[in-house]
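Now for the letters of each chain:
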Amino acid sequence: MRKVIYISYEPLTNSIYNHFYINVLKSENIVVEYWDLSSLFFETSIFKSNLNSNIIIKIMSRDDLKEQVRNNQDEDAIFITLMTYEWSNIWLFRILKRYKCYCAFFNRPGLPAPKSVKKQNIVSYLDKNTINRIIAGLTNKLAIILKKVGYVNDPDIMFSSGSHAIENSKNIRNIIQVNHFDYDNAMLLNRSNDRERNKNKKYIIFLDENTPYHPDFKMLGMNIIDSKEYFDGLNRFFDLVEKKWDKRILIAAHPSSNYKNDEFDKREIIKYRTSELVKDCHFTLAHGSTSISFPVLYSKPIMFLYNNQFKAFYSFSTLRWIFNLSNILGGSIYNVDAVTQSSELYLNDIDVLAYKKYKYSYLTNLMTENKLSSDLFINYLKSSGSKL
């Protein structure tokens, strides 16, 4: 295939650029376009940073999208949607079917989803956001039914990481096994010979998620927690951790973050180096993002954290994911607002079997664990020939 078209409801970011191998594709003289549909789904003001690139095409209306698809109908192109199929975007997938586009999807969740909440528990928390999630769940079930009756198509090909993603994609005829992008990053670091890294393990890493400011919360219509309360509680807890283990805490900043107001009480904030920071640390502190893959891959203990605001606002979302990860990986878990003494803190040893199971369930598989996903993707594009 000579052309790769990415379709997304958010602007192009550094993370997307790297996680979907855009630079590698360009180096192989494969034409790349990034269709930005963000203005059709959200207020563009929620996105704080994005890249300027000549591969970006801004889609401003559904008719605009149809025209772009028609213009590429006869091209030897693969359309890769960077969004999960659901009711809100069913019209997009309908257009792709109508024009017989060859479509792909990267199924690399990197995280295990918690089990469904019992209905009687939901009833006791019927706030506006919970009701909206219930409505979204019902409409998404309708979207699934419409897919089953042929209103839209499944992807022609799916690139999946880990056994869990493959097991949940049995209806897809063509599955190419790849790795999660964090696994690829760890593999590259293990292959490198970086002598400048700090390998003394005299620090603890906090896997930051940019929680009070992350654009995903606005995109999903979730409550935004109070930033001062969040950071005050976190820093009090960090003081106790540093006292207990006599090691400093470094902040592995989330790619979307832009901290300027000493949010972490003069602790060092380091961006875009999470993999190497975790590889050389003593242990990690985390909420529940896909960056959990790094302590799993480098066999580091994990202490999971939440606070009172998580309990109040995210009982059926973020908090459930945190507890689910703690249960699966055997990490200790603390409410940072409830701990007052360093003597209350304990760090569980890693569960070797649980870490290994997680690795092969969500991050890689025996066929690809020594291969880079970018190579696997490029090889597929070169070997597939014309889609016609």
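Up top is the structure these notes are about.
An account of the accompanying structure is given in this report.

How each quantity is defined
- Just so you know, the residues in each chain are numbered from 1, in the order the chain's sequence is written.
- Restriction of local features to residues with pLDDT of at least 70 applies here, the model being predicted, together with a cutoff of 80 or more for giving and counting side-chain atom pairs; totals for whole chains, interfaces and linings are based on all residues.
- Excluded from the side-chain calculation are hydrogens and water; included are all heavy atoms of the structure.
- Working definition: helices are DSSP H or I runs of at least four residues, strands are E runs of at least two. Numbering for both runs from the N terminus.
- Residue contacts are defined here by distance: any two heavy atoms, one from each residue, within 4.5 Å place the two residues in contact.
- Patch membership requires more than 30% relative accessible area and the absence of a salt bridge. Residues of like charge join within 9 Å; the nonpolar side chains Val, Leu, Ile, Met, Phe, Trp and Tyr join within 5 Å.
- Using the Shrake-Rupley algorithm and a 1.4 Å probe, accessible areas are obtained, with residue cover drawn only from the displayed protein chains.
- Each reported salt bridge corresponds to a side-chain nitrogen of Lys or Arg within 4 Å of a carboxyl oxygen of Asp or Glu.
- For this analysis, a nonpolar core means a set of buried residues of the types Ala, Val, Leu, Ile, Met, Phe, Trp, Tyr and Cys, connected via side-chain atoms within 4.5 Å.
- Exposed residues in this analysis have more than 50% of their type's maximum accessible area, buried residues have under 20%, and partly exposed residues fall in between, with area computed by a 1.4 Å probe over protein chains only.
- Any two strands with at least two DSSP-identified bridges between them are counted as paired.
- To get an axis, fit a line to the C-alpha atoms, keeping to the stretch in contact for a helix; angles then go from 0 to 180 degrees between the N-to-C directions.
- Here the word oblique covers every angle except those under 35 degrees (roughly parallel), over 145 (roughly antiparallel) and from 65 to 115 (roughly perpendicular).
- The nonpolar class holds Ala, Val, Leu, Ile, Met, Phe, Trp, Tyr, Cys and Pro. Asp, Glu, Lys and Arg form the charged class, and all remaining residues, Gly among them, are polar.

### Some details on the side chain of Gln309
Now for step 1: Counting through the fold element by element, Gln309 comes out in helix H14 (residues 308-313).
Now for step 2: Sequence-distant contacts of Gln309, that is, excluding residues within four places in its chain, are made with Ile225, Asp226, Glu229, Tyr230 and Tyr314.

### Focus on a nonpolar patch on the surface
Now for step 1: Among the surface-exposed residues, Trp87, Leu142, Ile145, Val149 and Tyr151 lie close enough to one another that they form a single nonpolar patch of about 480 Å² accessible area.
Now for step 2: Relative to the helices and strands, Leu142 is located in helix H7 (residues 128-148).

### Side note on the nonpolar core
Soluble globular proteins tend to bury their nonpolar side chains together.
Now for step 1: Formed by 56 residues in total, the largest nonpolar core has its most connected members in Phe206, Phe237, Phe238 and Ile292.
Now for step 2: The dominant element in this core, judged by the number of residues it contributes, is helix H11 (residues 227-245), at 8 residues.
Now for step 3: Contacts of Phe237, omitting those with residues within four sequence positions, involve Met303, Leu305, Tyr334, Val336, Val339 and Leu345.
Now for step 4: Core analysis: the next-biggest nonpolar cluster, separate from the first, contains 27 residues, Leu12, Ile30, Ile80 and Leu82 among them.

### Points about the environment of Thr290
Now for step 1: By the secondary structure assignment, Thr290 is in the loop between strand S11 (284-286) and helix H13 (293-297).
Now for step 2: Take Thr290: its relative accessible area is 25%, and that puts it in the partly exposed class.
Now for step 3: Along the backbone, Thr290 and Asp182 are 108 residues apart, and their C-alpha atoms lie at a distance of 8.1 Å.
Now for step 4: Filtering out sequence-adjacent residues up to four positions away, Thr290 remains in contact with Pro109, Gly110, Leu111, His180 and Asp182.

### Quick look at the sheet that holds strand S4 (residues 77-81)
Now for step 1: Spatially, S3-S2-S1-S4-S5-S6-S7 is the arrangement adopted by the 7 strands of the open sheet, whose pairing is parallel. The sheet is open, and its two edges are formed by strand S3 (56-58) and strand S7 (175-178), each paired on a single side. Looking at each pair of strands side by side, their axes are set apart by 25° on average, direction ignored.
Now for step 2: Two elements, strand S2 (residues 31-36) and S3, share 3 bridges in a ladder whose sense is parallel. Bridging across to S3, Tyr34 finds its partner in Ile56.

### A short note on the packing of helix H15 (residues 318-329) against helix H16 (residues 352-363)
Now for step 1: Two numbers describe how H15 lies on H16: the axes approach to 8 Å, and their chain directions differ by 120°. With respect to H16, the axis of H15 lies oblique. Between H15, through Leu325, Ile328 and Leu329, and H16, the contact on the second element is made entirely by Ala354, Tyr355 and Tyr358.
Now for step 2: Looking at the contact of H15 with H16 residue by residue, the class counts come to 6 nonpolar, no polar and no charged.

### Quick look at the side chain of Ser275
Now for step 1: Take Ser275: it is sitting in helix H12 (residues 274-279).
Now for step 2: Residues within four places of Ser275 in sequence aside, it is in contact with Asn185, Ala186, Leu189, Phe294 and Tyr298.

### Quick word on the sheet that holds strand S9 (residues 248-253)
Now for step 1: Strands sit in the order S10-S9-S8-S11-S12-S13 across an open sheet of 6 strands; the sheet is parallel. The sheet is open, and its two borders are formed by strand S10 (269-271) and strand S13 (332-335), each paired with just one other strand. Going from strand to strand, the sheet's axes swing by 30° on average, the running direction of each strand aside.
Now for step 2: Pairing of S9 with S10, which is carried by 3 bridges, proceeds in the parallel orientation. In the sheet register, Ala253 faces S10, and the bridge partner there is Lys271.
Now for step 3: Its contacts with the sheet place H15 against strand S12 (302-306) and S13, and it is angled at close to 160° to S12.

On their own, these measurements won't tell you what the molecule is for.
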